[in-house]
Amino acid sequence: MATIFIVDDEPTLHELYGDILEIGGHEIVANAYDGDEAVEIFKRMSEPPEVVIMDHRMPGKDGIETTKEILEINPDIKILFASADAAIKNDALESGACNFLSKPFAIVDLLAEIEEMLAE
Amino acid sequence: MVEFDMENARILIVEDEAVVAENLEMTLTDTGYEVVGRAASADDAVNAAIELKPDLILMDIVLIGHKNGIDASREIKEKIDIPTIFLTAYSDLDLVDRAKSTEPYAYIIKPFQERQLFASIEMTLYKSRMARKLKESEAKFRDLTELLPQTVFETDEKGNLTFANRAGFDYFGYTQDDFDRGLTALQMMSPEDRDRAEENIGRVMKGEQLDGVEYTAQRKDGSTFPCIIYTTPIIRENKPVGMRGVIADITKRKAAEKRIEEEYRRAEFHIDLMGHDINNMNQVTIGYLDMLLQAPDFPDKFRKGVETALNHVKKSADIIYNVKMLSMIRSGETKLRKIDIYPAYRSALKAVESSPREIRINSNITEGRYFISGNAFLFDAFLNLLNNAVKFDQHEIVEIDVDISSSDDNWRIEFKDRGRGISDDYKKIIFNRMERAGESAQGSGLGLTIVKYIVESYGGSISVEDRVKGDRTQGSNFIVLLPKGG
């Protein structure tokens, strides 16, 4: 069971993440809908989440920039990139994300990825 | 009689002494020339020349009347170009000096041998023919040069313009006066291109021919236009003494290229936008269908339908992935590096083996042995080929052979399936889904087109033949050639 922070501009995906993560027994502790909001919320969190799920293409700051800023605040945060832009995989990993999921992914892939990150 | 290989040249004799003229005519006629007329005075000579248009005039210096042969020759010259040989007494040689101003072809000092006369006539006729041919050829090139809508120019070895055609003056806006005062090739270039132009002029002056170098040209009024220049050295006595070239205005071409580029970018943008957004939708659909299937109380009677729905959403995601991959390959965004064929093959194999059908793949591909210059898309090429082989094999157990061998500079990889085979007509078009756009390409996805694009982006090729020669029902053999290296 992990605490998870979802960053994605698509509200339906927040719902989906919620339903999937519930199956895995995880808890969503925060939701942000763009990069700026994500950084703001992250700064205010008293307890950092164990995993951040990060979209890339969002209004304003993109996922890579947001990842860098969050890691600057707390370098130990585990960030899982989940984007429909498969081509940015390398850039995402270079910016400090632990792993990259290409949308659309299967439920098992997401849950397995989170388990793996928690085990590390 | 001395034999000369001559045409029946038509000759006009201008001679005031009748006996001499008579003898001359007989000599010439015996030898095979045609004497078309005789004149004794300068005025008669001029009239006869204009009327008879002979090939050659034999012109005595001393004539009846107050005008001599040189006067006659000058008058004829003004009206018609006929080569002339002066016949002169030794005492009249100083007059011949004056005759140089009328460009005589030759003169003979009297008395002369027949042999001398014929040699002189033949030499003069020959020179005259050559001069005429040269003039015709010059006229031809001058006409073509002036008619050309492109600028044609010549320079000396320092790059000063020595010639420009009409189009050149029109394009660049200079006048004949400007030209006469002196213009250089570099002046025709925009300032930022002059260093490069100077360097290239240097290369031409060393004897190099430059085909199609693009520059920005600059007109007299400072305005510019894109152009392409072809230049070649002017060689005299084995040494470059200048250059000549053609300048073509490529404004229209550049505009068309820009428009194509913009359209292309727009199309890319739309593909990207659509792909991204549809994949987000697909994520939601896949997520919930997946979730339904995993629910412990999901009714079995709906399972097949939901699984089919899920598979098709995944296929739509695959299409987006493939279209994006194609556009990346086509745009040349992908970089090549040395890769081992094996890991890509191994990953594709794993993906295919996860299918519910029983699949046997026999292969001799091993790790660390087969290298090419490629990228991550090699996996997609293999996956598409293997999927294709599985899809069309109706047997209970799918069997595929994947054989690699060396073929000159290439690795030859054969994918042999036991599917229903491909008709000869279809073999020709099976890899060209893009070219068949618009047709209903029933049943065949982008798969093989993608393989072709990937393989070609590595400098390789793909073809298909029957696995068993002459019996298409035994399945197909897809042959991929990939250049060795990295």
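The model shown is predicted, which means the values in this text are computed figures rather than measured ones. (Residues numbered from 1 in each chain as written. Chains lettered and ligands numbered in written order. Predicted model: local features only at pLDDT ≥ 70, side-chain atom pairs only at ≥ 80, totals over all residues.)

Here the focus is the overall build of chain B. When helices and strands are tallied, chain B shows 14 helices and 17 strands. For chain B, the proportion of its 486 residues judged to be buried stands at 28%. Contacts in chain B between residues at least 24 apart in sequence constitute 61% of all its contacts with a sequence separation of at least 6. (Helix = DSSP H or I, 4+ residues; strand = E, 2+ residues; numbered from the N terminus. Buried ≥ 20, exposed ≤ 12 C-beta atoms within 10 Å, placed from the backbone. Contact = placed C-beta atoms within 7 Å.)

Next up on the list: the overall build of chain A. Summing up its helical and strand segments, chain A has 5 helices and 5 strands in all. Evaluated residue by residue, chain A yields a buried proportion of 39% over its 120 residues. Residue pairs at least 24 apart in sequence account for 63% of intrachain contacts in chain A once pairs closer than 6 positions are excluded.

Here we come to the nonpolar core. All names here are of chain B. Counting 36 residues, the largest nonpolar core has F382 and L386 as its most contacted members. The set of elements that each furnish at least two residues to this core consists of helix 11 (341-353), helix 12 (377-391), strand 14 (397-407), strand 15 (410-416), helix 14 (447-457) and strand 17 (471-483). Among the elements that make up this core, the one with the highest residue count is helix 12 (8 residues). Apart from residues no more than four positions distant in its own chain, L386 is found in contact with A348, L349, V352 and I400. (Core = buried A, V, L, I, M, F, W, Y, C linked by C-beta atoms within 7 Å.)

A separate point is unusual backbone geometry. A cis amide bond links A:K103 with the next residue in sequence, A:P104, at an omega value of 0 degrees. Tracing the sequence through the fold places A:P104 in the loop between strand 5 (99-102) and helix 5 (107-119). Note the cis peptide between B:K110 and B:P111, where omega equals -5 degrees. Turning to its location among the elements, B:P111 is positioned in the loop between strand 5 (106-110) and helix 5 (114-147). If you check the backbone angles, B:N238 has positive phi at about 65 degrees while not being a glycine. By the secondary structure assignment, B:N238 is in the loop between strand 9 (224-236) and strand 10 (239-249). Judged by C-beta crowding, with 6 C-beta atoms within 10 Å, B:N238 ranks as exposed.

Here we come to the interface of chain A and chain B. Taken residue by residue, the interface counts 14 residues in chain A and 14 residues in chain B. Broken down by element, the residue count for the side of chain A that touches chain B peaks at 5 residues, all from helix 1 (residues 11-23) of chain A. Among the residues forming the side of chain A that touches chain B, the class breakdown is 8 nonpolar, 1 polar and 5 charged. (Nonpolar A, V, L, I, M, F, W, Y, C, P; charged D, E, K, R; others polar.)

Below, the discussion takes up the packing of helix 12 of chain B against helix 14 of chain B. Residue and element names in this part refer to chain B. At a closest axis distance of 9 Å, the pairing of helix 12 and helix 14 adopts a crossing angle of 145 degrees. Between helix 12 and helix 14 lies a crossing of left-handed hand. Of the residues in helix 14, those touching helix 12 at F377, L378, D380, A381, N384, L385, N387 and N388 are G447, L448, I450, V451, I454 and V455. Of the residues in the contact of helix 12 with helix 14, the class split is 9 nonpolar, 4 polar and 1 charged. (Axes fitted to C-alpha atoms, helices over the stretch in contact; angles between N-to-C directions. Left-handed = near helix turned anticlockwise from the far one by under 90°.)

This brings us to the confidence of the model for chain B. All names here are of chain B. Within chain B, residue pLDDT values average 89, and 94% of them lie at 70 or more. Mean pLDDT per element in chain B: helix 4 (residues 93-99) is the minimum at 71, and strand 15 is the maximum at 96. Across residues 1-5, confidence stays below pLDDT 50; counting only partners more than four residues off in sequence or on other chains, it has 8 contacts. Counted against residues more than four places away or in other chains, residues 437-444, with its pLDDT under 50, gives 3 contacts. Model confidence for the complex is summarised by a pTM of 0.59, with the ipTM given as 0.88. (pLDDT = per-residue confidence, 0-100.)

This part is about the sheet that holds strand 12 (residues 358-363) of chain B. All names here are of chain B. With mixed pairing, the 5 strands of this open sheet are ordered in space as 12-14-15-17-16. The open sheet terminates on both sides in strands that have one partner only, identified here as strand 12 and strand 16 (461-468). In this sheet, neighbouring strand axes are inclined to one another by 20 degrees on average, regardless of whether the strands run parallel or antiparallel. Here strand 12 pairs with strand 14 via 6 bridges, running parallel. Among the inter-strand pairings, R360 is bridged to a residue of strand 14, identified as E399. Relative to the sheet, helix 12 contacts strand 12, strand 14, strand 15 and strand 17, its axis offset from that of strand 14 by approximately 140 degrees. (Pairing = 2+ DSSP bridges.)

Residues and elements named next belong to chain B. Ordered by their spatial adjacency, 5 strands build an open sheet running 2-1-3-4-5, and the pairing between neighbours is parallel. Strand pairing shows two members of the sheet lacking a second neighbour, strand 2 (34-39) and strand 5, which therefore form its edges. Shown here is a sheet whose adjacent strand axes are inclined to one another by a mean of 20 degrees, direction ignored. Where strand 1 (residues 10-14) lies against strand 3 (residues 56-60), 4 bridges are found, and the strand directions are parallel.

Turning next to the pairing of strand 9 of chain B. All names here are of chain B. With 7 bridges joining them, strand 8 (residues 210-218) and strand 9 adopt antiparallel strand pairing. Paired with A217 across the bridge in strand 9 is F225. Counting the residues in the hairpin turn of strand 8 and strand 9 gives 5 residues, including G222, whose phi is positive at 95 degrees. Looking at chain direction, strand 9 and strand 10 are connected through 10 bridges and run antiparallel. Pairing of I228 across the sheet is with A248, part of strand 10.

Let's shift gears to the environment of B:I70. With respect to the helices and strands, B:I70 occurs in helix 3 (residues 69-79). A C-alpha to C-alpha distance of 8.7 Å links B:I70 and B:A42, two positions 28 residues apart in sequence.

Quick look at helix 5 of chain A now. Residues and elements named next belong to chain A. Between its first and last C-alpha, helix 5 extends 19 Å over 13 residues, near the 18 Å set by a 1.5 Å rise per residue. Among the residues of helix 5, those classed as buried are I107, L110 and I114. Seen end-on, helix 5 carries its buried residues on one side only, within an arc spanning 75 degrees. Seen from the buried face of helix 5, the exposed residues on the opposite side, beyond 90 degrees, are V108, E115, E116 and A119. (Expected span 1.5 Å × (residues − 1). Arc of directions from axis to C-beta.)

A few words now on the packing of helix 9 (residues 251-294) of chain B against helix 10 (residues 300-331) of chain B. Helix packing for two helices is described by the angle between their axes and how far apart those axes are. All names here are of chain B. At a minimum axis distance of 9 Å, the contact between helix 9 and helix 10 shows a crossing angle of 155 degrees. Of the possible angle classes, the one that applies to helix 9 and helix 10 is roughly antiparallel. For the crossing formed where helix 9 meets helix 10, the hand is left-handed. Of the residues in the contact of helix 9 with helix 10, the class split is 13 nonpolar, 6 polar and 6 charged. (Parallel < 35°, antiparallel > 145°, perpendicular 65-115°, else oblique.)

Turning to the environment of B:L95, a few remarks are in order. Residues and elements named next belong to chain B. Among the structural elements, L95 can be located in helix 4. Separated by 27 residues in sequence, L95 and N68 have C-alpha atoms that sit 9.7 Å apart. The contacts of L95, once residues within four sequence positions are left out, are I61, I70 and T88.

What follows is about helix 10 of chain B. Residue and element names in this part refer to chain B. Between its first and last C-alpha atoms helix 10 spans 47 Å; for 32 residues at 1.5 Å apiece the expected length is 46 Å, and the two agree. Of all the positions in helix 10, only V313, A317, I320, K324 and M325 are classed as buried. If you follow the buried residues of helix 10, they end up packed against helix 9, helix 12 and helix 14. Following helix 10 by one or two positions, G332 has its phi on the positive side, about 75 degrees.

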